[in-house]
Amino acid sequence: MAERTYEEILQNVERWASQEAKRFGNTIAILPTEASTLQTEDVMAKAKAVLFPINNNWEKATDLETLKSEIEGCTKCDLHLTRTKFVFGVGNPNAKVMVIGEAPGAEEDKRGEPFVGRGGQLLDKMLLAINFPREEVFIANILKSRPPGNRDPLASEVDACEPYLWKQIEIIKPKMILCMGRISGSNLLKTGSDSLASMRGNVYDYHGAKLMVTYHPAALLRNPNWKAGAWEDLQKFRKIYDEMTASDG
Ligand code: URA
């Protein structure tokens, strides 16, 4: 058999993956034997690019409905293989306040809506305590798909998904963002492994909005002693919001 170059083999894998994609409706790939002679990562990357082509039409979206329909089938990271539902986010498309968590949990993955479990109920109470009914704000997560077992988001997953959040912010144009928990805060602010204590109480600029970080409701359910601190954060958030919007009428 004539020897084939590495490039030729990759081209074959690509052609083969494309045929498989058609046969299996873009859902499954089994690599041919010759692929085993290559670097697995290269082969997987090539096969993935063919099986799950990346479509960047979402970048042109100017409203949330279009954005949702363009990204809800996203396959940019492997979480699409294990999610039940894509969790786009819910709420008022003209919200002045956005609430951002880290990623959907089990209940959110099942229902396709962020913060609907026990933590979600507490979040609703926290928002209501400062006069923001859930329907008035927009609630979203950094990751739109659930990490298996609720593990922390991987940096690669945040890199893949965060641009969708930026687009949501660009469309909604909130004045303020309430970021729930250390993981969300450090991922949005790129502060590495900073503690929640070092972020709480500060007001950051984030994509045209003022952003504050407070306790995640799930953490408050585990440690009710932290509720007093959360209440301080929420009151400060409301005060800044009132100052920012005082002249809006
Ligand atoms: N935790 C989050 O950060 N987001 C959710 O939607 C649910 C739990």
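Our subject is the structure that appears above.
Residues numbered from 1 in each chain as written. Predicted model: local features only at pLDDT ≥ 70, side-chain atom pairs only at ≥ 80, totals over all residues. Heavy atoms only, no water.

Caption draft 1: Spatial organisation of the side chain of K167. Summarising the element assignment, K167 is placed in helix 6 (residues 155–172). A residue is classified by how much of its surface remains accessible, and K167, at 8% relative accessible area, is buried. Residues contacting K167, with those up to four places away along its chain left out, are W58, E59, K60, A61 and L67. (Helix = DSSP H or I, 4+ residues; strand = E, 2+ residues; numbered from the N terminus. Buried < 20%, exposed > 50% of the residue type's maximum accessible area, 1.4 Å probe, protein only. Contact = heavy atoms within 4.5 Å.)

Caption draft 2: View of the site of the ligand. Around the ligand, the neighbouring residues are G101, E102, A103, E108, P114, F115, N141 and H216. Measuring from an oxygen atom of the ligand, one finds a backbone N or O atom of F115 at 2.9 Å. Between the ligand and the protein, one listed contact pairs an oxygen atom with a side-chain N or O atom of H216 at 2.9 Å. Burial of the ligand by the surrounding chains reaches 88%, relative to a free accessible area of 230 Å². Counted by class, the shell around the ligand contains three nonpolar, three polar and two charged residues. (Near = heavy atom within 4 Å. Polar contact = N/O pair within 3.5 Å; in protein donor to acceptor, adjacent residues only side chain to side chain. Areas by Shrake-Rupley, 256 points an atom, 1.4 Å probe, with all protein chains shown as cover. Nonpolar A, V, L, I, M, F, W, Y, C, P; charged D, E, K, R; others polar.)

Caption draft 3: Structural context of the packing of aromatic side chains. Taken as a whole, this structure holds five aromatic pairs when the rule is applied. Aromatic side chains W58 and Y164 sit 4.9 Å apart centroid to centroid with 85 degrees between the ring planes, which places their arrangement in the edge-to-face category. Remark: Y164 occurs in helix 6 and W58 occurs in the loop between helix 2 (40–51) and helix 3 (64–71); sequence separation between them is 106 residues. There is no split in this pair, since W58 and Y164 are both buried. Between F88 and F138 the ring centres are 6.5 Å apart and the planes differ by 85 degrees, which places this aromatic pair in the edge-to-face class. Here F88 is found in the loop between helix 3 and strand 1 (90–91), whereas its partner F138 is found in strand 3 (residues 138–141), with 50 residues between them in sequence. Taken individually, F88 and F138 each receive the classification buried, so the pair is uniform in this respect. Across the ring face of F132, the terminal group of R238 is positioned such that the distance to the ring centre comes to 4.4 Å. (Phe/Tyr/Trp six-rings, centres within 6.5 Å; stacked < 30°, edge-to-face > 60°. Lys NZ or Arg CZ within 6 Å of the ring centre and 35° of its normal.)

Caption draft 4: Seen up close, the pattern of salt bridges. Enumeration over the complete set of coordinates arrives at 13 salt bridges. Between E107 and K110 there is a salt bridge; the shortest N-O distance is 3.7 Å. Taken together, the residues E107 and K110, both in helix 4 (residues 106–111) and three residues apart, mark about one turn of the helix. Using a relative accessible area of 30% as the deciding quantity, one classes E107 as partly exposed. (Salt bridge = Lys/Arg side-chain N within 4 Å of Asp/Glu carboxyl O.)

Caption draft 5: Examining the pairing of strand 2 (residues 97–101) more closely. When you tally the buried positions in strand 2, you get five out of five residues, the bulk of the element. Both faces of strand 2 are covered, namely the face carrying V97, V99 and G101 and the face carrying M98 and I100.

Caption draft 6: Summary view of helix 3. Among all positions of helix 3, only L64, L67 and I71 are buried. End-on view of helix 3: buried residues confined to an arc of 60 degrees, all on one side of the axis. In this structure D63 caps helix 3, since a side-chain oxygen of it lies 3.2 Å from the backbone nitrogen of E65. (Arc of directions from axis to C-beta.)

Caption draft 7: Geometry of the sheet that holds strand 3. Reading across the sheet, the six strands line up as 1-3-2-4-6-5 and stay open at both edges, with mixed pairing between neighbours. Two strands bound the open sheet, and with one partner strand each, they are strand 1 and strand 5 (204–206). Here four bridges tie strand 2 to strand 4 (residues 176–180), and the two strands are oriented parallel to one another. Across the sheet, V99 pairs through a bridge with L178, a residue of strand 4. The sheet contacts of helix 10 (residues 227–245) involve strand 2, strand 4 and strand 6 (209–214), and relative to strand 6 the element is tilted by about 170 degrees. (Pairing = 2+ DSSP bridges. Axes fitted to C-alpha atoms, helices over the stretch in contact; angles between N-to-C directions.)

Caption draft 8: Structural detail: helix 5 (residues 118–129). With 12 residues, helix 5 extends 17 Å between its outermost C-alpha atoms, agreeing within 8% with the 16 Å of an ideal straight helix rising 1.5 Å per residue. All of the buried residues along helix 5 are G119, G120, L122, L123, M126 and L127. Along the long axis of helix 5, the arc covered by the buried residues comes to 160 degrees, so they all point the same way. When the buried face of helix 5 is taken as reference, the exposed residues oriented beyond 90 degrees from it are R118, Q121, K125 and L128. Against strand 2, strand 3, strand 4, helix 9 (217–222) and helix 10 lie the buried residues of helix 5. Taken from the residues just after helix 5, N131 is the one with a positive phi, measuring 70 degrees. (Expected span 1.5 Å × (residues − 1).)

Honestly, that's just the spatial picture; any functional story needs more than this.
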